[in-house]
Amino acid sequence: MRKIKHPKFQTRLFIGLLLIILSFSISSVFYYRDIQEINKVTNDIFEHPYTVNKSARDIDIYINAIHRSMSDIVLSENEIELNNSINLINRNEQLIYDNFKIVREKFLGDLELMNNAFATFVNWKPIRDEIINLVKNGDKNTAAKIAKGKGNDHILLLLKKTGLMIDYADEKAASFNQNLVNILNHAKSSFLLFFIGALCLGIIIFLWIFYSISSSINNMIKRIKNASGDKIKQFPNFDGNQLTILDYAISEFENREKTLEEKVNNRTNELRKAQNLLESSIENANIGIVTTTIEGKIQKANNYFCDFVGYSKEELINLNYTDITTKEDKLVGEKFVKEVLEGNIKDSSLSKAYVHKSGKIIFGQVSLSIIRDSNNQPNQLFTQIRDITKQKKYELELATHKNDLEGLIEERTRELNDKTLKLSRSQEALTYLLEDVNDIRKELEISNNKLLDANKELEAFSYSVSHDLKAPLRAIIGFSQILKEDYAPQLNSESNRYINLVIDNAENMGQLITDLLEFSRMARTKLDKSQVDLLTIVQRVKRELEPSIQNRKISYKIKPLPLINADEKLIYHVVQNLISNAVKFTSKVENAIVEIGCTNENKRNVFYIKDNGIGFNKKYAGRIFDVFQRLHTVEEFPGTGIGLSIVQRIILKHGGKIWVESEINKGTTFFFTL
Amino acid sequence: METKDILYIEDNPNDIELTLRALRKHNVANSIQVIKDGEEALEYTFATGRYVERDKNERPKIILLDLKLPKVGGLEILKKLKSEEQTQNIPVVVLTSSSEEQDILESYNYGVNSYVVKPIKFENFSEAVSTLGLYWLLINESL
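Quantities reported herein were computed from a predicted structural model and do not represent experimental measurements.

Attention now moves to the overall build of chain B. Helices and strands together make up the secondary structure of chain B, namely five helices and five strands. The linear arrangement of helices and strands in chain B, starting from the amino end, is β-α-β-α-β-α-β-α-β-α. Its C-alpha atoms give chain B a radius of gyration of 14 Å, within 12% of the compact-globule value 15 Å for 143 residues. For the C-alpha atoms alone, the extent of chain B along its principal axes is close to 40 × 35 × 30 Å. For chain B, the residues scored as buried account for 53% of the 143 residues in total. Within chain B, counting contacts between residues at least 6 apart in sequence, those at least 24 apart form 65% of the total. Carbon and sulfur atoms form 47% of the exposed surface of chain B, whose accessible area is close to 6800 Å².

Residues and elements named next belong to chain A. A sheet is described by the order of its strands in space; here five strands give the open sequence β2-β1-β5-β4-β3, paired in antiparallel fashion. In this open sheet, the two edge strands, each paired with only one partner strand, are β2 (298-301) and β3 (349-355). Averaged over all pairs of adjacent strands, the angle between their axes in this sheet comes to 30°, without regard to strand direction. Of the pairings in the sheet, the one linking strand β1 (residues 288-293) to β2 comprises three bridges and is antiparallel in character. Residue Val 290 lies in a different strand from β2, and its bridge partner there is Ala 301. Across the sheet, helix α8 (residues 327-342) is in contact with β3, β4 (361-372) and β5 (378-387); its angle to β3 comes to roughly 145°.

Okay, the interface of chain B and chain A next. Tallying the contact residues gives 22 residues for chain B and 22 residues for chain A. The salt bridge involving B:Arg21 is made with A:Glu485; its shortest N-O contact spans 2.9 Å. For the pair chain B and chain A, the interface holds three residue pairs in polar contact (both at pLDDT 80 or more). Those elements that provide at least two residues to the side of chain B that touches chain A are α1 (13-25), α4 (101-110) and α5 (122-142) of chain B. Considered class by class, the residues forming the side of chain B that touches chain A number five nonpolar, six polar and eleven charged.

Attention shifts here to the packing of helix α12 (residues 568-585) of chain A against helix α13 (residues 643-653) of chain A. Residue and element names in this part refer to chain A. Orientation of α12 relative to α13, taken along the N-to-C sense of each, is 140°, at an axis distance of 9 Å. Here α12 lies oblique to α13, going by the angle between them. Considering the relative orientation of α12 and α13, their crossing is left-handed. Residues Leu 570, His 573, Val 574, Asn 577, Leu 578 and Asn 581 of α12 touch α13, and the partners they reach there are Gly 643, Leu 644, Ile 646, Val 647, Ile 650 and Ile 651. Split into classes, the residues belonging to the contact of α12 with α13 amount to eight nonpolar, four polar and no charged.

Turning our eyes to something else, we now look at the nonpolar core. All names here are of chain A. Within the largest apolar cluster, 41 residues are counted, with the highest numbers of intra-cluster contacts made by Val 575, Leu 578 and Ile 579. With nine residues, the single largest contributor to this core is α12. In terms of nonpolar packing, the next biggest core, distinct from the first, is built from 35 residues, Ala 56, Ile 73, Phe 121 and Ala 143 among them.

What follows concerns a nonpolar patch on the surface. Residues and elements named next belong to chain A. Together, Phe 24, Tyr 31, Ile 35, Phe 191, Leu 192, Phe 195, Ile 196, Leu 199, Ile 203, Phe 206, Leu 207 and Phe 210 give the surface a local cluster of nonpolar side chains, amounting to about 1100 Å² of exposed area. Looking at which element gives the most residues to the nonpolar patch, the answer is helix α4 (residues 140-228), with nine residues. Tracing the backbone shows Phe 24 in helix α1 (residues 9-75).

Residues and elements named next belong to chain A. Among the seven residues of strand β12 (residues 667-673), seven are classified as buried, and the element is accordingly described as predominantly covered. Residues Gly 667, Thr 669, Phe 671 and Thr 673 of β12 are buried on one face, and the alternating residues Thr 668, Phe 670 and Phe 672, pointing to the opposite face, are buried as well. Pairing of strand β10 (residues 604-611) with β12 involves four bridges; the strand directions are antiparallel. Each residue of the ladder has a partner; that of Lys 610, found in β12, is Thr 669. Pairing between strand β11 (residues 657-663) and β12: seven bridges, direction antiparallel. Looking at β12, one finds that Glu 663 is bridged to Gly 667. Remark: three residues form the turn of the hairpin made by β11 and β12, two consecutive strands paired antiparallel; Asn 665 in that turn has positive phi of roughly 65°.

Another point: the sheet that holds strand β7 (residues 554-558) of chain A. Residue and element names in this part refer to chain A. Pairing within the open sheet is mixed, and its five strands lie in the order β7-β9-β10-β12-β11. Unpaired on one side and paired on the other, β7 and β11 mark the two borders of the sheet. Averaged over all pairs of adjacent strands, the angle between their axes in this sheet comes to 15°, without regard to strand direction. The sheet contacts of α12 involve β7, β9 (592-601), β10 and β12, and relative to β10 the element is tilted by about 30°. Sheet contacts for α13: β11 and β12; angle to β11, the most-contacted strand, approximately 140°.

Now for the packing of helix α11 (residues 534-545) of chain A against α12(A). All names here are of chain A. Running from amino to carboxyl end, α11 crosses α12 at an angle of 50°, the nearest separation of the two axes being 9 Å. In terms of orientation, α11 lies oblique with respect to α12. Classified by chirality, the crossing of α12 by α11 is right-handed. Here Leu 534, Ile 537, Val 538, Arg 540, Val 541, Glu 544 and Leu 545 of α11 lie close against α12, whose contacting residues are Glu 568, Ile 571, Tyr 572, Val 575, Gln 576, Ile 579, Ser 580 and Val 583. Of the residues in the contact of α11 with α12, the class split is ten nonpolar, two polar and three charged.

On to the packing of aromatic side chains, then. What describes a pair of aromatic rings is the distance from one ring centre to the other and the angle between the planes of the rings. According to the stated counting rule, one finds 15 aromatic pairs over all chains in the structure shown. Their ring planes at 45° and their centres at 6.3 Å tell us that A:Phe118 and A:Phe121 sit as a pair that is tilted. Of this pair, A:Phe118 and A:Phe121 both sit in helix α3 (residues 111-136), three residues apart, roughly one helical turn. Across the pair, A:Phe121 and A:Phe118 agree in class, each one buried. Pairing A:Phe308 with A:Tyr354 gives two aromatic rings, centres 5.5 Å apart and planes at 75°, and the pair type is edge-to-face. One end of the pair, A:Phe308, is in helix α6 (residues 303-309); the other, A:Tyr354, is in strand β3, and 46 residues separate them in sequence. On the basis of relative accessibility, which here comes to 0%, the residue A:Tyr354 falls in the buried class. Over the ring of B:Tyr44 we find B:Arg54, and its NZ or CZ is 4.6 Å from the ring centre. The positively charged end of B:Lys80 is found above the aromatic ring belonging to B:Phe46, 5.3 Å away from the centroid.

Overall, the predicted model of chain A reaches an average pLDDT of 83, with 94% of residues at or above 70. Note on residues 1-5 of chain A: pLDDT under 50 across the span, and three contacts to partners over four residues away in sequence or across chains.

A separate point is unusual backbone geometry. Residues and elements named next belong to chain A. Here Asn 602, not a glycine, exhibits a phi torsion of approximately 50°, which is positive. Relative to the helices and strands, Asn 602 is located in the loop between β9 and β10. Overall, the relative accessible area of 79% leaves Asn 602 in the exposed class. Located in the positive-phi region is Asn 665, a residue other than glycine, with phi close to 65°. Examined against the element boundaries, Asn 665 turns out to sit in the loop between β11 and β12. On the accessibility criterion, Asn 665 (63% relative accessible area) is exposed.

What counts, and where the lines are drawn
- Within every chain, residues take consecutive numbers counted from 1 along the sequence as written.
- Chain letters and ligand numbers both follow the written order, the letters beginning at A and the numbers at 1.
- Local features in a predicted model are, by the rule used here, given only for residues with pLDDT of at least 70; side-chain atom pairs are given and counted only at 80 or more, and totals for whole chains, interfaces and linings are based on all residues.
- Only hydrogens and water are removed before side-chain values are computed, so all heavy atoms of the structure are retained for them.
- Each helix corresponds to a stretch of at least 4 residues labelled H or I by DSSP, and each strand to a stretch of at least 2 residues labelled E; elements are numbered beginning at the N terminus.
- C-alpha atoms define the radius of gyration, and 2.2 Å times the number of residues to the power 0.38 defines the globule rule.
- Here's how the labels work: a residue is buried when its accessible area is under 20% of the maximum for its type, exposed when over 50%, partly exposed in between, all with a 1.4 Å probe on protein chains only.
- Residue contacts are counted whenever heavy atoms from the two residues lie within 4.5 Å of one another.
- With residues, only the protein chains shown are counted as cover, and all accessible areas are computed by Shrake-Rupley using a 1.4 Å probe.
- Whether two strands pair depends on DSSP finding at least two bridges between them.
- Axis lines are fitted to C-alpha atoms, over the contacting stretch for helices. Their N-to-C directions set the angle, which ranges from 0 to 180 degrees.
- One speaks of a salt bridge when a side-chain nitrogen belonging to Lys or Arg is within 4 Å of a carboxyl oxygen belonging to Asp or Glu.
- Definition of a polar contact: a pair of N or O atoms within 3.5 Å, with one able to donate and the other able to accept a hydrogen when the atoms are protein atoms, and with sequence-neighbouring residues admitted only if both atoms are side-chain atoms.
- Under the convention adopted here, Pro, Cys and the residues Ala, Val, Leu, Ile, Met, Phe, Trp and Tyr are nonpolar, Asp, Glu, Lys and Arg are charged, and Gly plus all remaining residues are polar.
- When an angle is under 35 degrees it counts as roughly parallel; over 145 it counts as roughly antiparallel; between 65 and 115 it counts as roughly perpendicular; any other value is oblique.
- Crossing handedness is read from the near helix: turned anticlockwise from the far helix by less than a right angle, it gives a left-handed crossing, and turned clockwise, a right-handed one.
- Among buried residues, those of type Ala, Val, Leu, Ile, Met, Phe, Trp, Tyr and Cys that are joined through side-chain atoms within 4.5 Å constitute a nonpolar core.
- Patch membership requires more than 30% relative accessible area and the absence of a salt bridge. Residues of like charge join within 9 Å; the nonpolar side chains Val, Leu, Ile, Met, Phe, Trp and Tyr join within 5 Å.
- Only rings of Phe, Tyr and Trp enter the pairing, Trp through its six-membered ring, and a pair is recorded when the two centres are within 6.5 Å. The plane angle decides the type: under 30 degrees is stacked, over 60 is edge-to-face, the rest tilted.
- Placement of a positive charge over a ring is assigned whenever Lys NZ or Arg CZ falls within 6 Å of the ring centre and within 35 degrees of the normal to the ring plane.
- Per-residue confidence from the predictor is given as pLDDT, running between 0 and 100.

Rendered as structure tokens:
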């Protein structure tokens, strides 16, 4: 938003006040100056024209007095009267002289006019003296003649000249008066002008301040309205009272700030939870997680990484990444970080060697990502490390084996070359042979088809056997049994024995049929492999056998058994058969021991079931898995001789092997692999 | 025509005799109807053909069924019985000498209530027959 720069409100008021005071002061200065002028002019008016006028008029009066005294002299009867008049003339003349002195001092106009009058006054004295002398000498007629003529003329001239002086002074006084009026008018108008000017300035300043305050308030309200967004419609008008609107807006903003603060608090809590979750995920992750500075100084490491390198968290924080890297891999690591930072490689993953706290070399699969700050500058490194020490070890072993193998291959290649030579010779012979093979293959195909047909026939056969062959047996046994139950008392013991023999043999035959069917079914069933716990099967077999061996004491030794991938039903059959065999062939031993376990030979699990029973001659070891092959009489140990054939079939079907070791009277051990 | 408690469908006369004896011996005194071929068995259950006079609302309390039968096979009979509304609630026990997996699976697919392989040994056979007969009779009685 545009920020308008206003002078401070108080500053504006102060400047306004200052300007008003200044304008009033200026007008006062001008006004004071006019007042001074008026004072001076008034002084002039009162001092000069007045003084000059008065003195000039006094001069006029004294001259008239002298004029009268002159006639007194002429007309005087005696000496006393004469002297009195002369004294009067002298005194008046002295007064005229004094007044001229005052006029000379103060006269502002044409000094010539005054000098002329004064010269005329000085010229009077000889005339006056002449007249006085004539009178003293008694010649009163001549004196009167002179006084009336020349004396009278001179006095009139003097009066005329002082009259001019008086006129001039009057004129001057009038002009001063006019000046005063002018100055007063000027002062009045200039005062009015400044006053109006100051008033206008005051109004302008007031308007300026008012406008700037009001506009900034309006601007504020506008900004508040803009800031309030959707709420603008709900903004009350308050009859345009800006301060009320401002007050409302501020309280509205305060409320909003509170809500905002709550929201921020809630969000902060959520964030904190998320952060805790993240931190605990990182802490307990099944991969090493380390954050470092760009320079590689460790800032944070999780439990996995601590376990991996053997340092505690506190120890790690004082370390640099290179401190726990092997010397050989330091450069590789630094180059890797540099390339990731420059963005040269996409797949930022590297396998690297570390030094464990114990000094042991360990290996980690490192993947690196960069954490950037708000300016998109690399800030931290986020590293994930998987412990691949074991894998590395295997790789090394593998490499060793590979080397051995390569040597072997070389040797073999040499042998092969020799053989190739021989072979090329034989090839010719082979060409002929190949033709024969083709013929044989055709024959094989034919017989294979025959075999498939035979298999189908076998299936049909075994199906009908299971029904049709068993029914007559059931009848033989059933009716023999009825015979035994209902007529035993009427028959002699030999007859009873025969009946029992019939029943036993028929039952035997029934078992044979069942086993045979089982055996042939094995060829047809498909394997249904899954993860099988052999121990559970062994326990189950042991439990199921318990009722039939109640009066015997057998100690089982069951060793740890691994999980296997096999058809559970079929493996149960194998285990059931082998354990019940072991139980059966230890029946004539006092402390029967049956051991079930597993050994590891050439990385293959070899399972074994061992007994300390009667055993057999090891030259029969190969034939024991043949169908109907028995090494003991039915009287000694009952059985049909099919069980082990079925077991072998199951093991072969699993791609395994079964074999037996035995010694007469020491015991038998069956081994099998899967 | 009277409807019997147990309908026993079996063609082998030896098995019939032995089964009946076993049931008697274990005091299963209910009336038993033996039918020897599949076609007749269907006529009996649905009161058609030779058994048209039978009240078809009366139903046997249990059916013992052999799988290998002349004309109509046991599995077919089972399928028919379990798909018809009027007969699907009658418990059917398959009694057979076949322990072939396909027979067992099919029987259970059609909804057989029990599947019993006839044991060779007479004691086992008679015990199996009578326990099953009793069990299903008791269950049905209490329903």
